[in-house]
Amino acid sequence: LGCQSPIKETKIHEERSLMGTFFNIDVCQSMDDDINITHKAFKQVWSRLEEIGWRMNVYDKKSDVTKVNTSLQNVVTVEQDTYDLLNRSKIYNQRTEGAFDITVWPLIKLWREGQRVNKLPAQNDITHVRSQIGLDKIQLIPESFVKKNTDIVQIDLGGIAKGYAVDEAAAIFRKFGIENFYIDAGGDVYAGGNNCHGKPWRIGIKDPRDPQKLYMIVEVSNASVATSGDYAQFLEIQGERWSHIIDPSTGYPQKDVVSVSVIAPTAEEADVWATALTVLQHPSGTDLFDAMSASYASLILQKKGEEQVEEFSSRSLENYRASQ
């Protein structure tokens, strides 16, 4: 939809399938802007997203992630941005009290196998795998070397790479002087500047019990919104639904949180915290966000009985809540 406004901006839209989801990007173009610059920016954005998409993909045999996962206990080299992301993942692990952990991939595989054979993983297997994972078992050696301390430990950047990719795209647009844009990567959203009407971007948070409806609308500018919910991805074993997000402290998928939405200054942070708060739940997760600056906000929806959902929001969420 091209949207006309008092400031005469039109929406330029492009869409591609990348990183297991759809990237939808809107740029607000004024009559004075050079359309060729916008096209150049889009070209660079898609190129960068494709590169991140394969290089940080746990399923791609040529990726940095696979290189680490198949290295046994040998030292391997990864690209600098992968190395930096691994380093930041260690920091996030500490900030989230261990809830965000990129080494849970062996546990994810264990639970997916349980889904395949329709049988819960054995407690002995969960205990054994848990003892072999953890970010203390991934050694980062300057400048871009990685060494695993156990054979079993493996990494999955699924909870951070998409957010990082969105931030990279935002940086490219800004490099070209484009300030008003909107990037939606399957639930990881970054809103740059204002929309084509010159107002903050409005982002709908889906109702987890009826994804056709909106639970809430937030208004943001130069900020990211990420949502993680069990309605989009889940495991089903013996008729019971389990979250796709594993609690590293137990080795089990969390069961109480239905949906988490996070507002943060960067998509990477929003991506990480949406995963972490799903594990931390309320009140631990909400308390952490209440201690942060007003540029961070959280909404946790937890089960209350079989059908009801209870809402827990950080104090700063009221700064962003819009009228529907």
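Rules used throughout
Residues numbered from 1 in each chain as written. Predicted model: local features only at pLDDT ≥ 70, side-chain atom pairs only at ≥ 80, totals over all residues. Heavy atoms only, no water. Helix = DSSP H or I, 4+ residues; strand = E, 2+ residues; numbered from the N terminus. Polar contact = N/O pair within 3.5 Å; in protein donor to acceptor, adjacent residues only side chain to side chain. Contact = heavy atoms within 4.5 Å. Core = buried A, V, L, I, M, F, W, Y, C linked by side-chain atoms within 4.5 Å. Buried < 20%, exposed > 50% of the residue type's maximum accessible area, 1.4 Å probe, protein only. Pairing = 2+ DSSP bridges. Salt bridge = Lys/Arg side-chain N within 4 Å of Asp/Glu carboxyl O. Phe/Tyr/Trp six-rings, centres within 6.5 Å; stacked < 30°, edge-to-face > 60°.

Colleague: Would you mind going over the side chain of Thr286 with me for this structure?
Modeller: For Thr286, the location among the structural elements is in helix α8 (residues 284-290). Here the side chain of Thr286 touches His282 through a polar contact of 2.8 Å, side chain to side chain. Setting aside anything within four residues of it in sequence, one finds Thr286 in contact with Gln281, Ile300, Phe312, Ser313 and Ser314.

Colleague: Where do I start with the nonpolar core in this structure?
Modeller: Membership of the largest hydrophobic core comes to 77 residues, with the highest contact counts inside it found for Val146, Leu157, Phe173, Ile183 and Val262. Among the elements that take part in this core, helix α7 (residues 267-280) stands out by supplying nine residues, more than any other. What Leu157 contacts, discounting residues up to four positions off in sequence, is Met56, Val65, Leu85, Leu86 and Ile102. Grouped together as the second largest cluster of nonpolar side chains are 19 residues, Val218, Ala297, Leu301 and Tyr320 included.

Colleague: What am I meant to see in the pairing of strand β6 (residues 181-185) here?
Modeller: It is a general feature of regular strands that their side chains alternate between the two faces of the sheet. Most of β6 sits inside the fold, with four of its five residues counted as buried. When strand β2 (residues 21-30) meets β6, the two strands line up antiparallel, connected through five bridges. Bridge assignment links Asp26 to a residue of β6, and that residue is Tyr182. The sheet contact formed by β6 and strand β7 (residues 188-192) spans five bridges and is antiparallel. Bridging across to β7, Asp184 finds its partner in Val189. Counting the residues between successive antiparallel strands, the hairpin from β6 to β7 contains two residues, one of them, Gly186, with a positive phi of roughly 55°.

Colleague: Is there a simple way to think about the pattern of salt bridges in this case?
Modeller: Once the charged atoms of two side chains with opposite charge are near each other, the side chains can pair. As enumerated under the stated definition, the model contains 18 salt bridges in all. One salt bridge connects Asp81 with Arg48, and the closest N-O pair in it is separated by 2.8 Å. In this pair, Asp81 sits in helix α3 (residues 80-95) while Arg48 sits in helix α1 (residues 35-55), placing the two residues 33 residues apart along the sequence. Across the pair, exposure class does not vary: Asp81 and Arg48 are buried alike.

Colleague: Got a minute to help me understand the sheet that holds strand β9 (residues 210-220) in this structure?
Modeller: Two orientations exist for strands paired in a sheet by backbone hydrogen bonds: parallel and antiparallel. The strand order across the open sheet formed by three strands is β8-β9-β16, and the pairing between neighbours is antiparallel. The open sheet terminates on both sides in strands that have one partner only, identified here as β8 (201-207) and β16 (321-322). As judged from the seven bridges shared by β8 and β9, these two strands associate in the antiparallel manner. Of the residues in β9, the one forming a bridge with Lys206 is Leu214.

Colleague: What is the right way to read the packing of aromatic side chains from this model?
Modeller: What characterises a pair of aromatic rings is the spacing of the ring centres plus the angle enclosed by the ring planes. For the structure shown, the criterion picks out 10 aromatic pairs. Consider the rings of Tyr59 and Trp105, whose centres lie 5.8 Å apart with planes at 85°: the pair is edge-to-face. A residue pair is termed long-range when its members are at least 10 positions apart, and Tyr59 in the loop between α1 and α2 (64-69) and Trp105 in helix α4 (residues 105-117) qualify at 46 residues. When its relative accessible area of 8% is taken as the criterion, Trp105 is described as buried. Note on Phe289 and Tyr296: the rings are 6.3 Å apart at their centroids and 80° apart in plane angle, and the pair reads as edge-to-face. In this structure, Phe289 and Tyr296 share a single accessibility class: buried.

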